[in-house]
Amino acid sequence: MENFKAVLISRDENKTQSVEIATLSQDDLMEGDVTVAVDYSTLNYKDGLAISGKSPVVRRWPMIPGIDMAGRVISSQSDQFKEGDEVILNGWGTGETHLGAYSQVSRVKSDWLIHKPEGLSAAQCMGIGTAGYTSMLCVMALEKAGLTPESGPILVTGAAGGVGSVAIALLAKLGYHVIASTGRASEEDYLKSLGAAELIDREELSGPARPLNKERWAGAVDAVGSHTLANVLSMTKYGGAVAACGLAQGMDLPSSVAPFILRGVSLHGIDSVMAPKEKRLEAWSRLAELLETEKLDSITSVVNMEDVINAGNAIVEGKIRGRVIVKI
Ligand code: NDP
């Protein structure tokens, strides 16, 4: 495939951004030892930020967005991968500094790729995508901090979003009592079908936090940051743990040290982009084991490459439910 289609983000001399479907050739691709025919990608919040230009996610122009890919190896100079191998990639700066996944062909470093996990199709892997794999990293962090279903309820913020939806399904499958914090009461049936036992209105957590508040949960997966994370911490039980991965409300953390020094609460930062390979392999193998296909299908919808520009703008407006697979 010498010529192929891709979504391309460009900037003019006034730094005004435009996004289009372009025809490119393999000479336009960046360095890498493996070339992949991309079958599926997915839409993450970060892809929406890149497409809409709302945050400085893109650091090289022109850029092909798309931080996740699933596809087949077309050519390889690495002894880890051979032609025809089914592979996936999450993060590593694709769609930010390295040309990304909304492209029929991609050239990447072999160190960034892993073989597609057994038991999941390429489309299902992208249904999970970075958002779902980050949820798994959050759950692994809570487990490492010593939490078990007996410790008490776990709160999930940004519940109807991608990270939140998968986190609820994973925690429920592991036997936790899950409290879903959402601004969309209309999604009650959806969130309960994923395994949420209770819902709370995100407004309860979105204003300025007191240093300590009534203890309500043993732990949390937080995709929201800002005042929400501050409130989550102030309401975490003695000895509890919170995994912070997102900033949907904001990047600030207007909190105090009170939850840490008076209740022994621990805060665990989660990064999916540069996470080491062993952690990724563990996360993907657990996702394949824990995520029920029916639940995964119920949280995913599919768009074509042509539709991803509109969908990218919608995700930053909080209008997307669950996960969106992009058919390349
Ligand atoms: P989504 O847009 O799918 O979900 C975010 C959810 O947050 C929304 O659905 C909404 O949930 C809630 N939300 C949105 N705006 C606000 C607000 N102002 N106040 C409170 N809640 C709000 O995004 P993802 O789930 O894909 O990602 C969630 C976050 O995690 C993002 O910030 C993303 O950048 C980050 N992330 C970080 C990663 C890492 O490696 N650390 C990897 C992947 C994602 P509801 O409607 O239920 O209230």
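Conventions used here
- Residues numbered from 1 in each chain as written.
- Predicted model: local features only at pLDDT ≥ 70, side-chain atom pairs only at ≥ 80, totals over all residues.
- Heavy atoms only, no water.
- Core = buried A, V, L, I, M, F, W, Y, C linked by side-chain atoms within 4.5 Å.
- Buried < 20%, exposed > 50% of the residue type's maximum accessible area, 1.4 Å probe, protein only.
- Helix = DSSP H or I, 4+ residues; strand = E, 2+ residues; numbered from the N terminus.
- Contact = heavy atoms within 4.5 Å.
- Patch = residues over 30% accessible without salt bridge, like charges linked within 9 Å, V, L, I, M, F, W, Y side chains within 5 Å.
- Areas by Shrake-Rupley, 256 points an atom, 1.4 Å probe, with all protein chains shown as cover.
- Salt bridge = Lys/Arg side-chain N within 4 Å of Asp/Glu carboxyl O.
- Near = heavy atom within 4 Å.
- Polar contact = N/O pair within 3.5 Å; in protein donor to acceptor, adjacent residues only side chain to side chain.
- Pairing = 2+ DSSP bridges.
- Domains from an automatic or database assignment.
- Buried area = accessible area lost by both parts, 1.4 Å probe.
- Expected span 1.5 Å × (residues − 1).
- Axes fitted to C-alpha atoms, helices over the stretch in contact; angles between N-to-C directions.
- Parallel < 35°, antiparallel > 145°, perpendicular 65-115°, else oblique.
- Left-handed = near helix turned anticlockwise from the far one by under 90°.

Engineer: Help me understand the nonpolar core, please; the structure alone is not making it clear to me.
Structural biologist: As a rule of thumb, nonpolar side chains are buried together in soluble globular proteins. Ranked by size, the top nonpolar core spans 51 residues in total, and within it Ile168, Trp284 and Leu287 carry the most contacts. Counting only elements with at least two residues in this core, the list comes to helix 2 (122-144), strand 8 (154-157), helix 3 (162-173), strand 9 (178-182), helix 4 (188-194), strand 12 (236-244), helix 8 (277-290) and helix 9 (293-299). Ranked by the residues each element gives to this core, the list is headed by helix 2, at 14 residues. The residues contacting tryptophan 284, other than those within four sequence positions of it, are Ile88, Asn90, Ile114, Pro117, Leu120, Cys125, Ile128, Gly129 and Tyr133.

Engineer: What should I look at first to understand a nonpolar patch on the surface in this one?
Structural biologist: Together, Tyr45, Leu247 and Met251 make up a nonpolar patch on the protein surface, roughly 320 Å² of accessible area in all. Along the chain, tyrosine 45 falls in helix 1 (residues 45-52). Judged by relative accessible area, tyrosine 45 falls into the partly exposed class, the value being 32%.

Engineer: I tried to follow the site of the ligand on my own but got confused; where do I start?
Structural biologist: Near the ligand there are 25 residues, and of these Val163, Thr182, Gly183, Arg184 and Ser272 occur at the shortest range. In the environment of the ligand, an oxygen atom lies 2.9 Å from a nitrogen or oxygen atom belonging to the backbone of glycine 162. In isolation the ligand has 910 Å² of accessible area, and contact with the protein removes 87% of it. Elements with a contribution of two residues or more to the shell around the ligand: helix 2 and helix 3. In terms of residue count, helix 2 provides more of the shell around the ligand than any other element does, 3 residues in total.

Engineer: When you look at the pairing of strand 15 (residues 323-327) in this model, what are you seeing that I'm missing?
Structural biologist: A regular strand carries its side chains on alternate faces of the sheet. Strand 15 sits mainly inside the fold: 4 of its 5 residues count as buried. Bridge count for strand 3 (residues 34-43) against strand 15 is 4 bridges, and the pairing is antiparallel. Its bridge partner being in strand 15, tyrosine 40 is matched across the sheet by lysine 327. Examined bridge by bridge, strand 14 (residues 300-304) and strand 15 share 5 bridges and lie parallel to one another.

Engineer: Just to check I follow, could you spell out the domain arrangement of the protein chain for this structure?
Structural biologist: Interface size is commonly expressed as the accessible area that is lost once the parts come together. In terms of domains, the protein chain is made up of domain 1 (3-116 + 295-327) and domain 2 (129-269). Taken together, the contacts link 16 residues of domain 1 with 19 residues of domain 2. In total, about 1200 Å² of surface goes out of reach between domain 1 and domain 2, with carbon and sulfur atoms giving 57% of it. On inspection of domain 1 and its partner domain 2, the count reaches 1 salt bridge. Among the salt bridges present, the one from arginine 321 reaches glutamate 187, with a minimum N-O distance of 3.0 Å. At the boundary of domain 1 and domain 2, one finds 6 residue pairs in polar contact (both at pLDDT 80 or more).

Engineer: I would appreciate a short explanation of helix 3 in the present structure.
Structural biologist: One turn of an α-helix holds 3.6 residues; hence residues three or four places apart share an orientation. Compared with the 16 Å implied by 1.5 Å per residue over 12 residues, the 17 Å span of helix 3 between its first and last C-alpha is a close match. Across the 12 residues that make up helix 3, a large majority, 10, are buried. Looking only at helix 3, the buried set comprises Gly162, Val163, Gly164, Ser165, Val166, Ala167, Ile168, Ala169, Leu170 and Leu171. Backbone geometry just downstream of helix 3 places glycine 175 in the positive-phi region, at approximately 100°.

Engineer: Explanation requested: the packing of helix 2 against helix 3 in the structure shown.
Structural biologist: In a packed pair of helices, the relevant descriptors are the angle between the two axes and the axis-to-axis distance. Contact geometry of helix 2 with helix 3 gives a least axis separation of 8 Å together with a crossing angle of 50°. With respect to their mutual orientation, helix 2 and helix 3 come out oblique. Every pair of crossing elements has a handedness; the one defined by helix 2 and helix 3 is right-handed. Counting all contacts with helix 2, which are made through Ala131, Gly132, Ser135, Met136 and Val139, the residues of helix 3 involved are Gly162, Val163, Val166, Ala167, Leu170 and Leu171.

Engineer: Even after reading the chapter, I still don't get the sheet that holds strand 10 (residues 198-201), so can you show me in this structure?
Structural biologist: Remark on secondary structure: sheet strands pair via backbone hydrogen bonds, oriented parallel or antiparallel. Spatial ordering of the open sheet is given by 10-9-8-11-12-13, a layout of 6 strands whose pairing is parallel. Strands with a single pairing partner mark the edges of an open sheet, and in this sheet they are strand 10 and strand 13 (266-269). Taking the axes of each pair of neighbouring strands and ignoring which way they run, one obtains an average angle of 20° across the sheet. Each of strand 8, strand 9 and strand 11 (217-222) touches helix 3; the most contacted strand, strand 8, lies at about 160° to it. This element, helix 6 (residues 226-234), spans strand 8, strand 11, strand 12 and strand 13 of the sheet and lies at about 150° to strand 12.

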